Amino acid sequence: MAGWPDPDSPLWTPELCWLLDRSIALVRADLGGHGWLPPGPALPRERGPAWRHLYVYAYLALVDVVMAYHRDHGIAAAVSWATLADLGRSLAVDRRMHREGWPVMQAWLTLHARGGLYELGRLQHHRGGGGGNAINLHVPESGPLTPEAVSASLDAARAFFPRHFPDERYTAFICSSWLLDPQLLDYLPEDSNIVAFQQRFQLEPYAERDGLDADVEVLRFVFRTLTTPIEALPRRTALQRAIVDHLSAGRHWRIRRGHFPI
């Protein structure tokens with residue numbers, strides 16, 4: 001709130017006001033879209049709250065817009081708020097990461113602000129996120145990834161999209177994630193939730209993804225740090241031990257893509 005863009009705030013230079021207005025306009029112009037938008041320019045966050053949170057204010061300015069879009073599609077307010085609350089989750093992660101996390105999230109959150117993504121129980125479902133006929137699954141940090149919770153979320157999506165987007169036909173769920181790396185099977189017990197999640201998917205041939213380092217993504221999501229030395233990372237869970245042992249052995253993780261029919 002200290003950096004709120006009031007018209008008379010000395011924190012908001014004409015250039016920052018222009019960027020805020022332009023960011024809001026560009027995202028709003030693609031309301032209902034579900035493709036990835038290019039991120040806005042990186043801002044020196046140490047210059048104060050207006051610089052640090054400009055894209056947060058842009059997101060908040062779009063809440064009423066996307067809520068109206070949801071209402072027009074008959075989407076329950078509970079689903080809307082569960083989806084949009086990912087902003088708070090992302091800011092909490094950024095704080096835990098000592099401000100290392102937000103640059104990745106600012107473009108990600110434009111999906112929520114345009115009606116391109118919905119949180120239905122345990123999973124987030126990205127309309128057309130894997131191509132025209134596929135729903136792209138994302139796994140937020142919101143509790144255990146139990147088979148029961150995953151199945152309930154998938155069933156919710158099977159009912160949700162035909163009801164609220166009847167003109168869009170989806171035939172498959174897809175996911176691109178380090179969670180689908182079969183190398184995890186070398187470390188995790190057979191009854192692991194991650195193993196059960198992997199078993200739902202038919203993996204596609206491995207292909208490197210431009211601009212994404214799987215080792216970095218694993219550290220970001222499992223440990224919420226990009227600067228802690230490997231030997232200093234915690235080893236409290238089977239997954240943490242797997243990540244540390246794998247990287248300590250000079251091996252690397254991979255982001256794998258898989259699918260299964262709806």
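To start, this report covers the structure provided alongside it. These numbers come from a predicted model, not from an experiment. Residue positions within a chain follow its written sequence, with the count starting from 1. In keeping with the predicted nature of the model, local features appear solely for residues at pLDDT of at least 70, side-chain atom pairs appear and are counted solely at 80 or more, and the whole-chain, interface and lining totals rest on all residues. Heavy atoms throughout the structure, all of them, feed into the side-chain values; hydrogens and water do not.

### Overview of the overall build of the protein
Then comes step 1: The helix and strand tally for the protein stands at twelve helices and six strands.
Then comes step 2: For a compact globule the rule gives 2.2 Å times the number of residues to the power 0.38, and the radius of gyration it is set against comes from C-alpha atoms. Here the C-alpha atoms of the protein give a radius of gyration of 19 Å, agreeing with the 18 Å that 2.2 N^0.38 yields for 262 residues.
Then comes step 3: Over its C-alpha atoms, taken along the principal directions, the protein stretches across nearly 60 × 50 × 30 Å.
Then comes step 4: Under the scheme applied here, a residue whose accessible area is under 20% of the maximum for its type counts as buried, over 50% as exposed, and between as partly exposed, the area being computed with a 1.4 Å probe on protein chains only. Going through the 262 residues of the protein one by one, you find that 47% of them count as buried.
Then comes step 5: In this description, contact between two residues means that some pair of their heavy atoms is separated by no more than 4.5 Å. For the protein, the proportion of contacts with a sequence separation of at least 24, taken over those separated by at least 6, is 68%.
Then comes step 6: Surface accessibility follows the Shrake-Rupley procedure with a 1.4 Å probe radius. Residue values consider only the protein chains on display as shielding. Total accessible area on the protein is roughly 13400 Å²; 55% of this is exposed by carbon and sulfur atoms. Labels follow the DSSP assignment, with helices taken as runs of H or I lasting at least four residues and strands as runs of E lasting at least two, numbered in each case from the N terminus.

### Thoughts on the layout of surface pockets
Then comes step 1: Cavities and pockets are found on a 1 Å grid laid over the protein atoms alone: a cavity is a set of points where a 1.4 Å probe fits but cannot escape, a pocket is an open set with protein on both sides within 12 Å along at least five of seven lines, and a lining residue has an atom within 4 Å of such a point. Grid points are joined across faces, edges and corners, and a volume is the space filled by probe spheres set on the points. Considered as a void within the structure, the second largest pocket measures approximately 350 Å³ in volume.
Then comes step 2: Secondary-structure elements contributing two or more residues to the lining of the second largest pocket are helix H1 (14-28), helix H3 (54-61), helix H7 (102-108) and helix H8 (110-113).
Then comes step 3: With five residues, the single largest contributor to the lining of the second largest pocket is H1.
Then comes step 4: Split by residue class, the lining of the second largest pocket holds 15 nonpolar, four polar and one charged. For this classification, the nonpolar set comprises Ala, Val, Leu, Ile, Met, Phe, Trp, Tyr, Cys and Pro, the charged set comprises Asp, Glu, Lys and Arg, and every other residue, Gly included, is treated as polar.

### Quick word on the pattern of salt bridges
Then comes step 1: Criterion for a salt bridge: a side-chain nitrogen of Lys or Arg within 4 Å of a carboxyl oxygen of Asp or Glu. Under the criterion given, the structure shown has twelve salt bridges.
Then comes step 2: Measuring nitrogen to oxygen at the nearest pair gives 3.0 Å for the salt bridge that ties Glu119 to Arg89. Of this pair, Glu119 sits in strand E1 (residues 117-120) while Arg89 sits in helix H6 (residues 86-96), and the two are 30 residues apart along the sequence.
Then comes step 3: Judged by relative accessible area, Glu119 falls into the buried class, the value being 8%.
Then comes step 4: Here Glu141 makes a salt bridge to Arg96, at a shortest N to O gap of 2.8 Å.

### Examining unusual backbone geometry
Then comes step 1: Here Arg224, not a glycine, exhibits a phi torsion of approximately 55 degrees, which is positive.
Then comes step 2: Position of Arg224 among the secondary structure elements: in the loop between helix H11 (214-223) and helix H12 (238-248).

### Quick look at the pairing of E1
Then comes step 1: Residues Leu117 and Glu119 line one face of E1 and the alternating positions Tyr118 and Leu120 line the opposite face, and both faces are buried.
Then comes step 2: When DSSP locates at least two bridges between a pair of strands, those strands are taken to pair. Taking the residues that link successive antiparallel strands as the turn, the E1-strand E2 (residues 123-126) hairpin has two residues, and the phi of Gly121 there is positive, at about 70 degrees.

### What about the sheet that holds strand E4 (residues 172-177)?
Then comes step 1: Ordered by their spatial adjacency, six strands build an open sheet running E1-E2-E3-E4-E6-E5, and the pairing between neighbours is mixed. Of all the strands in the sheet, just E1 and strand E5 (202-203) have a single pairing partner and so form its edges.
Then comes step 2: Note: E4 against strand E6 (residues 256-261), six bridges, orientation antiparallel. Note that in E6 the partner of Phe173 across the bridge is Phe260.

### A look at the packing of aromatic side chains
Then comes step 1: Ring pairs are drawn from Phe, Tyr and Trp, using the six-membered ring of Trp, whenever the two centres fall within 6.5 Å, and their geometry is named by plane angle: stacked under 30 degrees, edge-to-face over 60, tilted for the rest. Under the defined criterion, the tally for this structure stands at 13 aromatic pairs.
Then comes step 2: On the numbers, 6.4 Å between centres and 75 degrees between planes, the contact of Tyr118 with Phe161 is edge-to-face. Within this pair, whereas Tyr118 is found in strand E1, its partner Phe161 is found in helix H9 (residues 147-164), the two being separated by 43 residues in sequence. There is no split in this pair, since Tyr118 and Phe161 are both buried.
Then comes step 3: Arranged with centres 5.1 Å apart and planes meeting at 65 degrees, the rings of Phe197 and Phe201 form a pair that is edge-to-face.
Then comes step 4: Grouping aromatic residues by their ring pairs yields a cluster made of Tyr118, Phe160, Phe161, Phe165 and Tyr170.
Then comes step 5: Remark: a charge is flagged as sitting over a ring if the NZ atom of Lys or the CZ atom of Arg is within 6 Å of the ring centre and within 35 degrees of the ring normal. In this structure, Arg127 is placed above the aromatic ring of Phe165, and the distance from its NZ or CZ to the ring centre is 4.2 Å.
Then comes step 6: The lysine or arginine in question, Arg254, covers the ring of Tyr206, its NZ or CZ lying 4.1 Å from the ring centre.

### Notes on H3
Along an α-helix, a turn takes 3.6 residues, which lines up residues three or four apart on a common side.
Then comes step 1: For H3, the tally of buried residues reaches six of eight residues, placing the bulk of the element in the interior.
Then comes step 2: For H3, the full list of buried residues reads Leu54, Tyr55, Val56, Tyr57, Ala58 and Tyr59.

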